[in-house]
Amino acid sequence: MPRPVRAEISPAALRHNLALIRQKAGQAKIWSVVKANAYGHGIDHVWRALQSSDGFALLDLNEAIRLRELGWTGPILLLEGFFEPDDLLLIDRYQLTTAVHSFWQLAAIAAARVQRPIPVYLKVNSGMNRLGFAPERLHAAWREASATPQIGEIILMSHFASADEDAGVAEPMALIGSLTAALRLPHCLANSAATLWHPQTHADWVRPGIVLYGASPSGRWQDIADTGLMPVMRLTSQIIAVQHLQTGARVGYGGRFSAAGPQRIGIVACGYADGYPRQAPSGTPVLVNGVRTGIVGTVSMDMIAVDLTPCPDAQVGSPVELWGPALPVDDVAHAAGTLGYELLSALAPRVPVVTG
């Protein structure tokens, strides 16, 4: 039989989360963000559950083409835009919308021979300092885009660096307002955090990502505990061996855990090659037989060890939940010093994904 580790994806939870976001977004349309293979959940596994979205947003041209092959005929937005002029041939063929964040992209579109005008999302840098036109160049970019016959609808786009903080959107919103008062463009500004917590940013389109999958934009599960959002992925495995330790016995590479007394530990078929965080320290939460306990020792490539003291009935074959509805991925990520985003999107290809 195959290794017992697997990821279970809940389409019902996806539909539920999208419906909640629809209520939050009001009149704004929704780009459901499925970048990074739908945050590790698999585009093939999620797109049908999200097909009541107004569009899908992602980064990779191949993922966009895959969505078309799967049967999605609605809008698809390339969040990072295109990377070389030849990409415009595929953007035109598959009727994609592209972000535009630099003048070379505007020039490439103007030189392209396309069958129909391409919708663009003109991106302004409102403080993130990653992609986007400098504020003082936005009007020049808009004039150039407006004068280009190969460009169709123009929508203003930006991204918030600190929308998970109380005052995190005030400064960028003031800047955007001062820049666009005379442009009268539709806006697409809100990421997951802004969609949840800053309704003044919703405008014409919102771009929820991590919240669709039931994890927190802030990295703290408590921040979304009262929203009704449901975790979509459940990563599970089993105990494959039990060890009986004597006082002072060490566990795992480097022997970083030492038993303070006689102790039972379980060996779980899951490791960093499956996407579990290697940096997770002893005490990182895990559920065995539905009982919360913690890992012990260093995470190996294929296995972790867990303390069976709180669950004395656990044996070989006992079920283990690494994260999921009963154990938020944000709690595991916090213990490991990272974010739920990373754990979900790092799910390894060798882990079977099933829907249910």
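Cut-offs used in this document
Residues numbered from 1 in each chain as written. Predicted model: local features only at pLDDT ≥ 70, side-chain atom pairs only at ≥ 80, totals over all residues. Heavy atoms only, no water. UniProt positions renumbered as here; feature names shortened; annotations may be inferred. Helix = DSSP H or I, 4+ residues; strand = E, 2+ residues; numbered from the N terminus. Buried < 20%, exposed > 50% of the residue type's maximum accessible area, 1.4 Å probe, protein only. Contact = heavy atoms within 4.5 Å. Pairing = 2+ DSSP bridges. Lys, Arg positive; Asp, Glu negative; His and termini not counted. Salt bridge = Lys/Arg side-chain N within 4 Å of Asp/Glu carboxyl O. Axes fitted to C-alpha atoms, helices over the stretch in contact; angles between N-to-C directions. Arc of directions from axis to C-beta. 1 Å grid on protein atoms, 1.4 Å probe; cavity = no way out; pocket = protein on both sides within 12 Å on 5 of 7 lines; lining within 4 Å. Points joined across faces, edges and corners; volume = space filled by probe spheres on them. Nonpolar A, V, L, I, M, F, W, Y, C, P; charged D, E, K, R; others polar. Expected span 1.5 Å × (residues − 1).

- Looking up the protein in an unreviewed UniProt entry gives the name Alanine racemase, with the organism given as Pantoea piersonii.
- Per UniProt, the protein carries the Pathway (unreviewed entry) text "Amino-acid biosynthesis; D-alanine biosynthesis; D-alanine from L-alanine: step 1/1."
- According to UniProt, the comment filed for the protein under the heading Cofactor (unreviewed entry) is "pyridoxal 5'-phosphate".

1. With respect to the environment of I240
Logical step 1: As for its placement among the helices and strands, I240 is situated in strand β10 (residues 233-245).
Logical step 2: Owing to a relative accessible area of 38%, I240 belongs among the partly exposed residues under this scheme.
Logical step 3: It is 21 Å that separates the C-alpha atoms of I240 and A326, two residues lying 86 residues apart in sequence.
Logical step 4: The contacts of I240, once residues within four sequence positions are left out, are P4, I267, A269, M303 and V316.

2. A few points about the environment of L179
Logical step 1: Tracing the sequence through the fold places L179 in helix α8 (residues 170-180).
Logical step 2: Looking at L179, the relative accessible area reads 13%, which means it is buried.
Logical step 3: Spatially, the C-alpha atoms of L179 and I118 are 24 Å apart, while their sequence positions differ by 61 residues.
Logical step 4: Contact partners of L179, with chain neighbours within four places excluded, come to V124, P135, L138 and H139.

3. Some details on the pairing of strand β7 (residues 151-157)
Logical step 1: Of all seven residues in β7, five are buried, a share of seventy percent or more.
Logical step 2: Bridge count between strand β6 (residues 118-123) and β7: five bridges; the pairing is parallel. Counterpart to Y121 in the pairing with β7 is I155.
Logical step 3: Pairing of β7 with strand β8 (residues 187-190) involves two bridges; the strand directions are parallel. Bridge pairing in β8 places L156 opposite H187.

4. Overview of the side chain of D87
Logical step 1: With respect to the helices, strands and loops of the structure, D87 is situated in helix α5 (residues 87-93).
Logical step 2: Buried and without a salt bridge, D87 has R93 as its closest oppositely charged side chain, separated by 11 Å.
Logical step 3: Not counting residues up to four positions away in its chain, the partners in contact with D87 are L61 and F82.

5. Examining the sheet that holds strand β4 (residues 76-78)
Logical step 1: Strand order in the closed barrel formed by eight strands is β2-β3-β4-β5-β6-β7-β8-β9, and the pairing between neighbours is parallel.
Logical step 2: Sheet analysis places strand β3 (residues 55-58) next to β4, joined by three bridges and oriented parallel. Opposite F56, over in β4, you have I76 as the bridge partner.
Logical step 3: Together, β2 (29-33) and β9 (205-206) form the strand contacts of helix α1 (residues 11-25), whose direction differs from that of β2 by roughly 140°.
Logical step 4: Contacts between α8 and the sheet are confined to β7 and β8, with β8 contributing the most and set at about 175° to the helix.

6. Digging into helix α6 (residues 103-111)
Logical step 1: Three or more residues of α6 are buried, namely Q105, L106, A108 and I109. The buried side chains of α6 occupy one side of the element, clustering within an arc of 160° when seen end-on.
Logical step 2: Tucked inside the fold, the buried residues of α6 contact α5, β5 (97-100), β6, α7 (138-146) and β7.

7. Regarding the layout of surface pockets
Logical step 1: Considering only enclosed or pocket space, the largest pocket measures out at about 630 Å³ in volume.
Logical step 2: Every residue lining the largest pocket is counted, 29 residues in all, and those nearest its centre are K35, M128, R130, H159 and N191.
Logical step 3: Elements with a contribution of two residues or more to the lining of the largest pocket: α2 (35-39) and α9 (192-197).
Logical step 4: Of the residues belonging to the lining of the largest pocket, the class tally is 15 nonpolar, eight polar and six charged.
Logical step 5: By volume, the second largest pocket is sized at about 160 Å³.
Logical step 6: Lining of the second largest pocket is provided by 13 residues; of these, R68, Q95, L96, R116 and P119 occupy positions nearest its centre.

8. Comments concerning unusual backbone geometry
Logical step 1: Unlike most non-glycine residues, N37 shows phi in positive territory, near 55°.
Logical step 2: Structurally, the position occupied by N37 is in helix α2.
Logical step 3: Classification of N37 as partly exposed rests on a relative accessible area of 36%.
Logical step 4: A positive phi angle is found at N129, which is not glycine, with a value near 60°.
Logical step 5: Within the fold, N129 resides in the loop between β6 and α7.

9. Quick word on α1
Logical step 1: Along its 15 residues, α1 runs 21 Å from first to last C-alpha, staying within 8% of the 21 Å computed at 1.5 Å per residue.
Logical step 2: Listing the buried residues of α1 in full gives P11, A13, L14, N17, L18, L20, I21 and A25.
Logical step 3: Buried residues along α1 sit in contact with β1 (6-9), β2, α3 (43-46), α9, β9 and β18 (353-355).

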